Amino acid sequence: MTKYFLFLSAFIFSAFIGFSHAESATNRFYILGNAVQGNMLYGKVTPGSKVIVGDKKVQVSSKGDFVFGIPRDAKGTLKVKVTFPSGITDTRPLLIQAKKWQIQALNDLPQKHVNPPAEELQKIKIQAADVKNARGLNTKTSSVPGCFMQPVKGIVSSVFGSQRILNGEPKNPHLGIDIAAKTGTEVKASAAGTVSYAEPDNYYNGQMVIIDHGYGISSSYSHMSKINVTVGQKVKKGEVIGLVGSTGRSTGPHLHWGVSWLNTPINPQNVLKVSAKRCSSGKQKRVTKNQ
Ligand SMILES: [Zn+2]
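So, a few notes on the structure that sits alongside this text. Because the structure is a prediction, the values reported are computed rather than measured. Within any chain, residue numbers begin from 1 and follow the written order of that chain's sequence. Local features in this predicted model are restricted to residues whose pLDDT is 70 or higher, and side-chain atom pairs enter the listing and the counts only when it is 80 or higher, whereas totals over whole chains, interfaces and linings include all residues.

**Here we look at the overall build of the protein**
And then number 1: Comment: elements are numbered from the N terminus, with helices defined as DSSP H or I runs of at least four residues and strands as E runs of at least two. Each helix and strand counted, the protein has 3 helices and 21 strands in total.
And then number 2: Any pair of residues counts as being in contact when their C-beta atoms, constructed from backbone geometry, are within 7 Å of one another. Residue pairs in contact within the protein that sit at least 24 positions apart in sequence constitute 65% of those at least 6 positions apart.

In structure tokens form, the structure reads like this:
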């Protein structure tokens, strides 16, 4: 029965990507997702294995699950190295596929939000360090983050990765998605986790919350008109954490939703897609197991 189940789960995981996989059931190593710039990928290895992605040591759950992301500007290959409990290693070089990014020009921004005044630089620096700490958490919880949901219903008005030209000046790319919604619309936690940052006056992001989902994955919610949670608070998926607004660097009411893996911003729309695929494969497995 166990053998049959392992074979089945191997089939389900490899079916998504057509990936090569370890030959024996004792040294399992599968990856779910596509190695495209900005994407999130799940991995499954024999429980007790150690995993290094690039130069980052990742957390592996007691069931052998882990998760990682591909940076927006990554090129070449990304190596995923697994050391099985037996001491045997298996390294997969993932060939990173480039993505064509959009170019977005915004011309109605107050100049202070394009080139901040000198007296604000210290505050911006401190806030950036706090955000970096919150996004760098590598917490191990009982399981890797499950199916994500879009935190606000609405039209995506700006996608991940766009090269930005603000008031005519080339600036950093857009590292989340913007969802247009009315001021006061409820913002919901995209997955379960613990609030790691809640700042009512972030210079660029306005009223901002970050949730740590464990395994290096965090999500952020910016420009809100109200924050309903405090740092350290545990939240369930779908729980209301604040309200849509237009605080910080914003030209109108919307939610800027970001997802990061160990401070690497990844594409929230891909996170929705790949996490849904993984969840549906989990359901298939459970159904089959019960039969
Ligand atoms: Zn945005």
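The discussion continues.
**Points about unusual backbone geometry**
Keep in mind that most residues, glycine aside, have a negative phi and that most peptide bonds are trans.
And then number 1: Of note, the phi angle at asparagine 167 is positive, near 45 degrees, even though the residue is not glycine.
And then number 2: The topology assignment puts asparagine 167 in the loop between β10 (163-166) and β11 (169-171).
And then number 3: For every residue, the other C-beta atoms within 10 Å of its own C-beta are counted; 20 or more classify it as buried, 12 or fewer as exposed, and values in between as partly exposed. C-beta atoms are placed from the backbone. For asparagine 167, a count of 15 C-beta atoms within 10 Å gives the class partly exposed.
And then number 4: A positive phi angle, close to 70 degrees, is found at asparagine 263, a residue other than glycine.
And then number 5: Counting through the fold element by element, asparagine 263 comes out in the loop between β20 (254-261) and β21 (264-266).

**What to know about the sheet that holds strand β5 (residues 65-69)**
And then number 1: Read across the sheet, 3 strands follow the order β1-β2-β5 without closing on themselves; strand pairing throughout is antiparallel. With one partner strand each, in any of the chains shown, β1 (29-32) and β5 form the two edges of the open sheet. Direction aside, neighbouring strands of the sheet carry axes that sit 25 degrees apart on average.
And then number 2: Here β1 runs beside strand β2 (residues 40-45); their pairing, made up of 4 bridges, is antiparallel. Its bridge partner lying in β2, tyrosine 30 is registered against lysine 44. Strands are labelled as partners when DSSP assigns at least two bridges between them. Angles shown run from 0 to 180 degrees and are taken between the N-to-C directions of axes, each axis being a line fitted to C-alpha atoms and, for helices, limited to the stretch in contact.

**Some remarks on the environment of leucine 272**
And then number 1: Tracing the sequence through the fold places leucine 272 in helix α3 (residues 268-290).
And then number 2: For leucine 272 and glycine 146, which are 126 residues apart along the polypeptide, the C-alpha to C-alpha distance reads 9.9 Å.
And then number 3: For leucine 272, the contacting residues outside a window of four places in its chain are Phe148 and Gln150.

**Quick notes on the environment of glycine 232**
And then number 1: With respect to the helices and strands, glycine 232 occurs in the loop between β17 (226-227) and β18 (234-235).
And then number 2: Separated by 35 residues in sequence, glycine 232 and tyrosine 197 place their C-alpha atoms 8.4 Å apart.
And then number 3: Glycine 232 has contacts with Thr194 and Val195, leaving out every residue within four places of it along the chain.

**Quick look at helix α2 (residues 121-135)**
And then number 1: Its 15 residues place the ends of α2 21 Å apart at the C-alpha level, agreeing with the 21 Å of an ideal helix rising 1.5 Å per residue.
And then number 2: Every buried residue belonging to α2 is among Val131, Ala134 and Arg135, and all of these are buried. An end-on view of α2 places all buried positions within 90 degrees of arc, on one side of the element. Exposed residues lying more than 90 degrees from the buried face of α2 are Leu121, Gln122, Lys125, Ile126, Ala129 and Lys132.
And then number 3: Tucked inside the fold, the buried residues of α2 contact β14 (193-202), β15 (206-214), β16 (217-224) and β20. Under the convention used throughout, the expected extent of a helix is 1.5 Å for every residue step, that is, one less than its residue count. Working note: the arc is built from the helix axis to C-beta atom directions.

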